[in-house]
Amino acid sequence: MAMPAKALLVGTGRVAFHLGHGLKRAGLELVGVAGRSGTHVRSLAETLLVPGFILGEPLPPADLMLIAVSDDAIAPVVKEIPITTAVVVHTSGVGDLDRLQPHPDRAVLWPVISMGPGAPLDLRAVPLVIDANTERARKAVKDLADGLSDQVLALDHHRRELVHAAAAISLNLPTFLLQRAQALLQREGIDPSVLTPSFVAMGQKIATVGAAAALTGPARRGDLGTIHLHLARLADDPELRAAYARLSSMILRAYDHPDHGNTDV
Ligand SMILES: NC(=O)c1ccc[n+]([C@@H]2O[C@H](COP(=O)([O-])OP(=O)(O)OC[C@H]3O[C@@H](n4cnc5c(N)ncnc54)[C@H](OP(=O)(O)O)[C@@H]3O)[C@@H](O)[C@H]2O)c1
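No experiment lies behind these values; they were computed from the predicted model shown. (Residues numbered from 1 in each chain as written. Predicted model: local features only at pLDDT ≥ 70, side-chain atom pairs only at ≥ 80, totals over all residues. Heavy atoms only, no water.)

## Considerations on the overall build of the protein
Piece 1. Looking only at helices and strands, the protein has ten helices and eight strands in total.
Piece 2. Along the three orthogonal principal directions, the C-alpha set of the protein runs to about 65 × 40 × 30 Å.
Piece 3. If you take every contact in the protein between residues at least 6 apart in sequence, the share linking residues at least 24 apart comes to 50%.
Piece 4. Looking at the protein as shown, the accessible area adds up to about 14500 Å², and 58% of this sits on carbon and sulfur atoms. (Helix = DSSP H or I, 4+ residues; strand = E, 2+ residues; numbered from the N terminus. Contact = heavy atoms within 4.5 Å. Areas by Shrake-Rupley, 256 points an atom, 1.4 Å probe, with all protein chains shown as cover.)

## Section: the pattern of salt bridges
Piece 1. Per the counting criterion, the structure on display carries eleven salt bridges.
Piece 2. Its salt-bridge partner being Lys 139, residue Asp 143 comes within 2.6 Å of it at the nearest N-O pair. Taken together, the residues Asp 143 and Lys 139, both in helix α4 (residues 135-148) and four residues apart, mark about one turn of the helix.
Piece 3. A relative accessible area of 12% places Asp 143 in the buried class.
Piece 4. Each of Arg 180, Arg 187, Asp 237 and Glu 239 takes part in one network of salt bridges that share partners. (Salt bridge = Lys/Arg side-chain N within 4 Å of Asp/Glu carboxyl O. Buried < 20%, exposed > 50% of the residue type's maximum accessible area, 1.4 Å probe, protein only.)

## Remarks on the domain arrangement of the protein
Piece 1. Structurally, the protein comprises domain 1 (6-155) and domain 2 (160-254).
Piece 2. One C-alpha centre belongs to domain 1, the other to domain 2, and the line joining them spans 35 Å.
Piece 3. Counting residues at the interface gives twelve residues for domain 1 and five residues for domain 2.
Piece 4. Counting the surface lost from both domain 1 and domain 2, the interface buries some 740 Å², and carbon and sulfur atoms represent 66% of this.
Piece 5. Of all residues in domain 1, Val 94, Trp 110 and Leu 155 give up the largest surface area on contact with domain 2, accounting jointly for 54% of the area buried on that side.
Piece 6. Linking domain 1 with domain 2 are zero salt bridges.
Piece 7. Between the two partners, domain 1 and domain 2, sit two residue pairs in polar contact (both at pLDDT 80 or more).
Piece 8. Those elements giving two or more residues to the side of domain 1 that touches domain 2 turn out to be β6 (106-111) and β7 (128-132).
Piece 9. Along the lines of polarity and charge, the residues of the side of domain 1 that touches domain 2 split into five nonpolar, five polar and two charged. (Domains from an automatic or database assignment. Buried area = accessible area lost by both parts, 1.4 Å probe. Polar contact = N/O pair within 3.5 Å; in protein donor to acceptor, adjacent residues only side chain to side chain. Nonpolar A, V, L, I, M, F, W, Y, C, P; charged D, E, K, R; others polar.)

## Here we look at the nonpolar core
Piece 1. Leu 64, Leu 66, Val 89, Leu 109, Leu 144 and Leu 148 are the most contacted members of the largest nonpolar core, which has 30 residues in total.
Piece 2. Listed in part, the 15 residues of the second largest apolar core include Val 10, Ala 62, Ile 74 and Val 77. (Core = buried A, V, L, I, M, F, W, Y, C linked by side-chain atoms within 4.5 Å.)

Put into structure tokens, the structure is as follows:
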């Protein structure tokens, strides 16, 4: 594996923070951090011990430019950068490679994980999805990804978007349901953290035995009486009640239980 010699990080948000630490840990030469806000640039540059640059001003030469800005800002930000021989890479799960025009060598490196504030993530355990428009860009992003992670998947735009949708279903929706379920308890004066240990344990169980074997609960067992009891308790929250009914019907059908032919249980 040959890591590209010099990289410039564009962006000062969550991905720039974790990627910047990962790049340094992997031994890549980070020539600087660039962004639009002087305060944010200074803060990340000091954390990573590299020079900071403001977008619109001259940027240092690099073999690779990693554009870790909001999805909608990728195209306008790269258009502001003079056409470069560097391989220009964005980190989004949804944007196509054309967003990086007019730069000739374009690539994607999308970390399939939720990146929030906190200690730098260990990227070796994070799947990285890559894509590129030229052989040069493909080799550069593959070498980079192999240097950062043990799990690298090359996927075209169509399949990357499918993985992005699947990640949203499997990660964002259960997290939102947890938030709404905790609000239910809070309204009754019950400590919402009572739900947290089982949520965490389920993630670990899924990693061990897979989602199909890990699933439990009344719909999985076909306990219609319990489902109807839950639906009655949700009468004051029609949105959550509808979501519970629809998802329970999906599970009942998936496990060949009768749901009285009604999609809402
Ligand atoms: N967070 C995740 O879980 C995650 C995971 C994988 C991939 N991604 C992808 O990584 C990329 C960055 O996401 P993030 O979570 O790091 O976002 P973020 O924490 O919200 O940071 C966004 C960055 O974009 C900059 N920005 C926004 N609009 C700009 C503009 N018009 N011109 C210049 N800079 C602009 C912001 O600058 P200011 O600081 O000046 O506002 C900030 O540095 C996105 O493409 C996202 O889809 C995110």
